[in-house]
Amino acid sequence: SATWWECFDLWKAGRVRAHIIALQSKLDCMHDWLKGSIQAMQDEDFNDLHDKLMGKVGDKLDKLADVTGKLMFRAVKMGINGFALSKYSGADAALAQIEQRELTADMKAVAAAQKELAESFAAAREEVFGANTLTSDSLGEHFFVFALATYGQIATEYAEYILSDKR
């Protein structure tokens, strides 16, 4: 594999390197959120209210985690392959357009899952805690849900970068 000085960050090798640098930035942020989530789980008492709340939103959490994982996988795969829509022609351009549509669909799926989770969490919080606001008993749950939604946002930002043709 070429290093930057062998190709002066030109062509596909330069795009791949730029995509990996952008990915590193996003993964650093995700790592910080993961550490916070671990701390929130360690501090959580997992009482009956927690079980009721998470029982009501668990499927939405799973869905968001699943679609975000698929989005990240596709975006990273495109990044390490040096994706840049403007650099393709002919049959390769047609395949790149398919990848672009699939990535865009994944981004829309993440946005929809984030919205479903937010609506479901707000309704469940009101039902379980009798309040439509943050309560001291639900702090850990709020943080965890927010962290997962942020994971989706960070993955979407990286996918947008991949589609932007920037380098």
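For the structure, check the block above.
This is a predicted model, so every value here is computed, not measured.

### What to know about helix α4 (residues 90–129)
- Taking 1.5 Å per residue, 40 residues should reach 58 Å; α4 reaches 58 Å between its end C-alpha atoms and fits that length.
- Gly130 sits one or two positions beyond α4 and adopts a positive phi of about 70°.

### What about the layout of surface pockets?
- One number sums up the size of the largest pocket: a volume of about 190 Å³.
- Lining of the largest pocket is provided by Met30, His31, Trp33, Leu34, Ser37, Met41, Phe144, Ala147, Leu148, Thr150, Tyr151 and Ile154.

### Observations regarding the nonpolar core
- Counting 33 residues, the largest nonpolar core has Val57, Leu61, Leu64, Leu71, Leu103, Tyr158 and Ile162 as its most contacted members.
- Among the secondary structure elements, those contributing two or more residues to this core are α2 (11–43), α3 (48–80), α4 and α5 (139–163).
- If near-sequence neighbours (up to four positions away) are discounted, Leu103 is found in contact with Leu71, Arg74, Ala75, Met78, Ala159, Ile162 and Leu163.

### As for the pattern of salt bridges
- For the coordinates displayed, the defined rule picks out eight salt bridges.
- Measuring nitrogen to oxygen at the nearest pair gives 2.5 Å for the salt bridge that ties Asp106 to Arg74. Placement of Asp106 in helix α4 and of Arg74 in helix α3 is noted, with a sequence separation of 32 residues between them.
- Using a relative accessible area of 13% as the deciding quantity, one classes Asp106 as buried.
- A relative accessible area of 26% means that Arg74 is categorised as partly exposed.

### What to know about the side chain of Ser120
- Structurally, Ser120 can be placed in helix α4.
- Ignoring anything within four residues of it in the chain, the contact list for Ser120 reads Lys56, Val57 and Lys60.

Parameters and conventions
- Residues numbered from 1 in each chain as written.
- Predicted model: local features only at pLDDT ≥ 70, side-chain atom pairs only at ≥ 80, totals over all residues.
- Heavy atoms only, no water.
- Helix = DSSP H or I, 4+ residues; strand = E, 2+ residues; numbered from the N terminus.
- Expected span 1.5 Å × (residues − 1).
- 1 Å grid on protein atoms, 1.4 Å probe; cavity = no way out; pocket = protein on both sides within 12 Å on 5 of 7 lines; lining within 4 Å.
- Points joined across faces, edges and corners; volume = space filled by probe spheres on them.
- Core = buried A, V, L, I, M, F, W, Y, C linked by side-chain atoms within 4.5 Å.
- Buried < 20%, exposed > 50% of the residue type's maximum accessible area, 1.4 Å probe, protein only.
- Contact = heavy atoms within 4.5 Å.
- Salt bridge = Lys/Arg side-chain N within 4 Å of Asp/Glu carboxyl O.

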